[in-house]
Amino acid sequence: MQLYLKYALSLSLAFLGALLAQWLHLPIPWLLGPLFITALLKINHAPIECHSSARSIGLSIIGLTLGLYFTPEMIHLIASHWLVLLIGLLFALLLGTIGAFILHRWAKVDFKTAWFASAIGGANEMSHLAEHHHARVDQVASAHTLRVLMVVVIVPFFYQFMGWHGFDTDHIARNMEVNWLGFSTLVLIAYIASRTFAHLKLPNPWTFGALLVAIFFTAQNIHLSAIPTPILHLGQVLLGWSLGNKFKPGFFKTAPHYLSIVALYNLGALFLTGLLAYALMLWSNIPIATLGLGLAPGGVAEMTITANVLQLGVPIVTAFHVVRMVGVLGTVGYLYLFFDKILQKKLNQ
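Residues numbered from 1 in each chain as written. Predicted model: local features only at pLDDT ≥ 70, side-chain atom pairs only at ≥ 80, totals over all residues. Heavy atoms only, no water.

Looking at an unreviewed UniProt entry, one finds the protein named AbrB family transcriptional regulator, with Acinetobacter suaedae as its source organism.

Put into structure tokens, the structure is as follows:
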């Protein structure tokens, strides 16, 4: 009972953070508010905790929301930009490779730890791969936590400063009416799909299960329901709450030199992201704000939430991150073995 009271108090504080962020006119308030207040309290030894299911529920809500943008017209548009999506994947792999050599050389960590800490993939998946290859899981997890925090904070504030919002031309997902029977049907089918994905140990099952269900119906021009606004807000609060909960007391003091190098690398990665987004804007007809979110080395959920709130090409941004996640997870292990062999040969010479 005491544990559940702690969860209730923590969730209440997360909602309070969202309301405060909204009052202060912060970008993405329903995500950043809970993140800030939860992280601040956790770092300062406050007795709060996030329930393990919070992130799963939040990811499912976001997955359903994003899937409603994938009309036949949007799917055709995404297919026409396949080369840009491929460039985004190659860019993510290049960023991860650069980061690995930076951490290995200047952060003084072994190469396998540096490799999985720098790969632009999901924190859970990279941590599992790090454990499989006997790398430092704690350093890998902390690097990804800091990366996501930096990107999810810096990018929305930068976009607010630049005044970038409202480029979306797809109004279906926003103008659909809420049908509670249809919404309940979506939730039930998404839950079954996500549980199946989780049973099969597929990556990010709670996002992709719900996302694919919503895409399936929307692509057939079957519009069961919009996602109620309070549910959208709840999903963001749960994600912010769970992300803030990762910052344990002493997080920034455990390995200050290592985390400092990680932070500098992330700043450099964001700068390179901006340069590539500008170059691709000149070559393609995609706005730079949409390209920036699609190429940004943040988490799938956090970047797509930003795109959804600011109405910045949600399907394109989602496609960038889905292609990147699948591509990175499918190649990062093999690329590690390739580069590790090269380093071993140099050491043996």
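*Asks:* Would you mind showing me how to read the overall build of the protein here?
*Replies:* Looking only at helices and strands, the protein features 16 helices and zero strands. Projected onto its principal axes, the C-alpha coordinates of the protein cover approximately 65 × 55 × 45 Å. A total of 349 residues make up the protein; the buried ones form 54% of that total. For the protein, long-range pairs separated by at least 24 residues make up 77% of all intrachain contacts whose partners lie at least 6 apart in sequence. Put simply, the protein shows about 16,500 Å² of open surface, and 69% of that area lies on carbon and sulfur atoms. (Helix = DSSP H or I, 4+ residues; strand = E, 2+ residues; numbered from the N terminus. Buried < 20%, exposed > 50% of the residue type's maximum accessible area, 1.4 Å probe, protein only. Contact = heavy atoms within 4.5 Å. Areas by Shrake-Rupley, 256 points an atom, 1.4 Å probe, with all protein chains shown as cover.)

*Asks:* Honestly, the packing of aromatic side chains in this entry has me stumped. Any pointers?
*Replies:* On inspection of all chains with the given rule, the structure shows 17 aromatic pairs. Plain terms: the ring middles of Phe-216 and Phe-217 are 5.5 Å apart, the flat faces sit at 75 degrees to each other, and that makes the pair edge-to-face. We classify Phe-217 as buried; its relative accessible area is 15%. (Phe/Tyr/Trp six-rings, centres within 6.5 Å; stacked < 30°, edge-to-face > 60°.)

*Asks:* I would appreciate a short explanation of the nonpolar core in the present structure.
*Replies:* The tendency in soluble globular proteins is for nonpolar side chains to be buried as a group. Membership of the largest hydrophobic core comes to 89 residues, with the highest contact counts inside it found for Leu-103, Trp-115, Phe-116, Tyr-159, Tyr-258 and Leu-293. Setting aside chain neighbours within four positions, we find Leu-293 in contact with Val-155, Tyr-159, Met-303, Thr-306, Ala-307, Leu-312, Val-317 and His-321. The next biggest cluster of nonpolar side chains, apart from the first, holds 14 residues, and it includes Met-176, Ala-190, Ala-210 and Ala-226. (Core = buried A, V, L, I, M, F, W, Y, C linked by side-chain atoms within 4.5 Å.)

*Asks:* Can you help me understand the environment of Tyr-4 in this one?
*Replies:* Here Tyr-4 shows up in helix H1 (residues 2-23). Sequence separation of Tyr-4 and His-51 is 47 residues, and the distance between their C-alpha atoms is 8.8 Å.

*Asks:* Would you explain the pattern of salt bridges in this entry?
*Replies:* When the charged atoms of two side chains with opposite charge come close together, those side chains can pair. On inspection of all chains with the given rule, the structure shows four salt bridges. With a closest N to O distance of 2.8 Å, Arg-136 and Asp-138 form a salt bridge. Accessibility expressed as a relative area gives 41% for Arg-136, which makes it partly exposed. Overall, Asp-138 belongs to the partly exposed group, its relative accessible area being 45%. Here the salt bridges share partners, and the residues they tie into one network are Lys-42, Glu-49 and Lys-248. (Salt bridge = Lys/Arg side-chain N within 4 Å of Asp/Glu carboxyl O.)

*Asks:* Which parts of the structure should I look at to understand the packing of helix H7 (residues 123-132) against helix H8 (residues 137-162)?
*Replies:* Pairs of packed helices are described in terms of their axes, by the angle between the two and the distance that separates them. Two elements in contact, H7 and H8, have axes separated by 9 Å at closest approach and are oriented at 160 degrees. Classified by the angle between their axes, H7 and H8 sit roughly antiparallel to one another. Crossing geometry of H7 relative to H8 is assigned as right-handed. Where H7 approaches H8, its residues Ala-123, Met-126, Ser-127, Ala-130 and Glu-131 are matched on the opposing element by Val-137, Val-140, Ala-141 and His-144. When the residues that make up the contact of H7 with H8 are grouped by side-chain class, the tally is six nonpolar, two polar and one charged. (Axes fitted to C-alpha atoms, helices over the stretch in contact; angles between N-to-C directions. Parallel < 35°, antiparallel > 145°, perpendicular 65-115°, else oblique. Left-handed = near helix turned anticlockwise from the far one by under 90°. Nonpolar A, V, L, I, M, F, W, Y, C, P; charged D, E, K, R; others polar.)

*Asks:* Could you clarify how one ought to interpret a nonpolar patch on the surface in this entry?
*Replies:* A cluster of nonpolar side chains, contributed by Ile-154, Phe-158, Phe-161, Met-162, Leu-264 and Leu-267, occupies part of the molecular surface with about 620 Å² of accessible area. For the nonpolar patch, the elements supplying multiple residues, two or more each, are H8 and helix H13 (256-283). The dominant element in the nonpolar patch, judged by the number of residues it contributes, is H8, at four residues. Along the chain, Met-162 turns up in helix H8. (Patch = residues over 30% accessible without salt bridge, like charges linked within 9 Å, V, L, I, M, F, W, Y side chains within 5 Å.)

*Asks:* Hey, could you run me through unusual backbone geometry in this one?
*Replies:* Glycine aside, negative phi is the norm for most residues, and most peptide bonds take the trans geometry. A positive phi angle is found at Lys-108, which is not glycine, with a value near 60 degrees. Summarising the element assignment, Lys-108 is placed in the loop between helix H5 (82-106) and helix H6 (111-118). Overall, Lys-108 belongs to the exposed group, its relative accessible area being 68%. Here the phi dihedral of His-134 falls at roughly 60 degrees; this positive angle occurs in a residue that is not glycine. Mapped onto the fold, His-134 is located in the loop between H7 and H8.

*Asks:* Looking at this structure, how should I read the side chain of Ser-127?
*Replies:* Its location among the elements puts Ser-127 in helix H7. With a relative accessible area of 13%, Ser-127 lands in the buried category. Ser-127 has contacts with Val-137, Val-140 and Ala-141, leaving out every residue within four places of it along the chain.

*Asks:* I would appreciate a short explanation of helix H10 (residues 180-199) in the present structure.
*Replies:* Because an α-helix packs 3.6 residues into every turn, residues spaced three or four apart end up facing the same way. Taking 1.5 Å of rise per residue, 20 residues should cover 28 Å, and H10 covers 28 Å from first to last C-alpha, within 8% of that figure. If you check which residues of H10 are buried, you get Gly-182, Phe-183, Leu-186, Ala-190, Ala-193, Ser-194 and Phe-197. The arc that holds every buried residue of H10, seen down its axis, measures 100 degrees, which confines them to one face. Turned more than 90 degrees from where H10 packs its buried face, Trp-180, Leu-181, Leu-188 and His-199 sit exposed. Against the buried residues of H10 lie helix H3 (53-67), helix H11 (205-219) and helix H12 (229-244). For H10, the side-chain oxygen to backbone nitrogen distance between the N-cap and Leu-181 is 3.1 Å, and the N-cap itself is Asn-179. (Expected span 1.5 Å × (residues − 1). Arc of directions from axis to C-beta. Polar contact = N/O pair within 3.5 Å; in protein donor to acceptor, adjacent residues only side chain to side chain.)

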